[in-house]
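Inside the fold
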Amino acid sequence: MARFETSSDASSKWHRPVAVPTGKEGVFGTVRELLDDLSGWTVDRVDEESCTVHVTKPNGFLGGTSKIVITVAGPDGIPSSETSVVSESDGLLSRDKSNVATFCRKLWMRVT
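Residues numbered from 1 in each chain as written. Predicted model: local features only at pLDDT ≥ 70, side-chain atom pairs only at ≥ 80, totals over all residues. Heavy atoms only, no water.

Some points on helix H2 (residues 96–111)
Its 16 residues give H2 an end-to-end C-alpha distance of 23 Å, which sits within 8% of 22 Å, the value for a rise of 1.5 Å per residue. All of the buried residues in H2 are Asp-96, Asn-99, Val-100, Ala-101, Thr-102, Phe-103, Cys-104, Leu-107 and Val-111. On its buried face, H2 is in contact with strand E1 (2–5), strand E2 (18–20), helix H1 (24–37), strand E4 (52–58), strand E5 (65–73) and strand E6 (81–89). (Helix = DSSP H or I, 4+ residues; strand = E, 2+ residues; numbered from the N terminus. Expected span 1.5 Å × (residues − 1). Buried < 20%, exposed > 50% of the residue type's maximum accessible area, 1.4 Å probe, protein only. Contact = heavy atoms within 4.5 Å.)

Shown next as structure tokens:
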């Protein structure tokens, strides 16, 4: 099983957590709206308390299926948040790095 997650040490901007000066509740709402707009991404479970969304995404014949977890963290009442993404795939050709980059890029465009 392949896995890729955002890291503050990543060289690419799209492989780092998305940090913005906006409250986590607002960013979490944007995450949910974005997931509604991404074709092929299916929301399986939403945990409003921990601001976490569990998603599945088919990657084609050899790519298998990705299980993606998106978490928005930040202090309550303070306009600061960080969105992290983890993608795990069960196929021969992993698309985890691409899944993370796609989501982070599209989220960045919406929240900045």
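Some details on unusual backbone geometry
One non-glycine residue, Cys-51, adopts positive backbone phi at about 55 degrees. We classify Cys-51 as buried; its relative accessible area is 5%.

Re the packing of H1 against H2
The packing of two helices is summarised by the inter-axis angle and the distance between the axes. Where H1 contacts H2, the two axes come as close as 10 Å, and the packing angle between them is 125 degrees. In terms of orientation, H1 and H2 fall into the oblique class. For H1 against H2, the interelement crossing comes out right-handed. Contacts from Thr-30, Val-31, Glu-33, Leu-34, Leu-35 and Asp-37 in H1 reach Phe-103, Lys-106, Leu-107, Arg-110 and Val-111 in H2. (Axes fitted to C-alpha atoms, helices over the stretch in contact; angles between N-to-C directions. Parallel < 35°, antiparallel > 145°, perpendicular 65-115°, else oblique. Left-handed = near helix turned anticlockwise from the far one by under 90°.)

Topic: the pairing of E6
In terms of strand pairing, E1 meets E6 through 4 bridges, oriented antiparallel. In the sheet register, Glu-5 faces E6, and the bridge partner there is Val-86. The pairing of E2 with E6 spans 3 bridges and is classified as antiparallel. Bridge pairing in E6 links Val-20 to Ser-81. (Pairing = 2+ DSSP bridges.)

Some points on the environment of Ile-70
Relative to the helices and strands, Ile-70 resides in strand E5. In sequence terms Ile-70 and Arg-32 are 38 residues apart; their C-alpha atoms lie 9.9 Å from each other. Ignoring sequence-local partners within four residues, the contact set of Ile-70 consists of Val-31, Leu-35, Cys-51, Thr-52, Val-53, Val-55, Thr-83, Ser-84, Val-85 and Phe-103.

Overview of the environment of Trp-41
Structurally, the position occupied by Trp-41 is in the loop between H1 and strand E3 (42–47). Sequence spacing of Trp-41 and Glu-5 is 36 residues, and the spatial spacing of their C-alpha atoms is 17 Å. When residues no more than four places from it in sequence are discounted, the contact partners of Trp-41 are Leu-35, Val-55, Thr-56, Lys-57, Ile-68, Asn-99 and Phe-103.

Examining the pattern of salt bridges
Under the criterion given, the structure shown has 5 salt bridges. Across the pair Asp-76 and Lys-24 runs a salt bridge, and its minimum N-O distance is 3.1 Å. With Asp-76 in the loop between E5 and E6 and Lys-24 in helix H1, this residue pair connects regions lying 52 residues apart in the sequence. The class for Asp-76 is exposed, based on a relative accessible area of 60%. With a relative accessible area of 14%, Lys-24 lands in the buried category. (Salt bridge = Lys/Arg side-chain N within 4 Å of Asp/Glu carboxyl O.)

Side note on H1
Its 14 residues give H1 an end-to-end C-alpha distance of 20 Å, which sits within 8% of 20 Å, the value for a rise of 1.5 Å per residue. Along H1, the positions that sit buried rather than exposed are Lys-24, Val-27, Phe-28, Thr-30, Val-31, Leu-34 and Leu-35. When H1 is viewed along its axis, its buried side chains cluster within an angular range of 160 degrees and face the same direction. The outward face of H1, more than 90 degrees from its buried face, is lined by the exposed residues Asp-36 and Asp-37. Where H1 is buried, its residues touch E2, E3, E4, E5, E6 and H2. (Arc of directions from axis to C-beta.)

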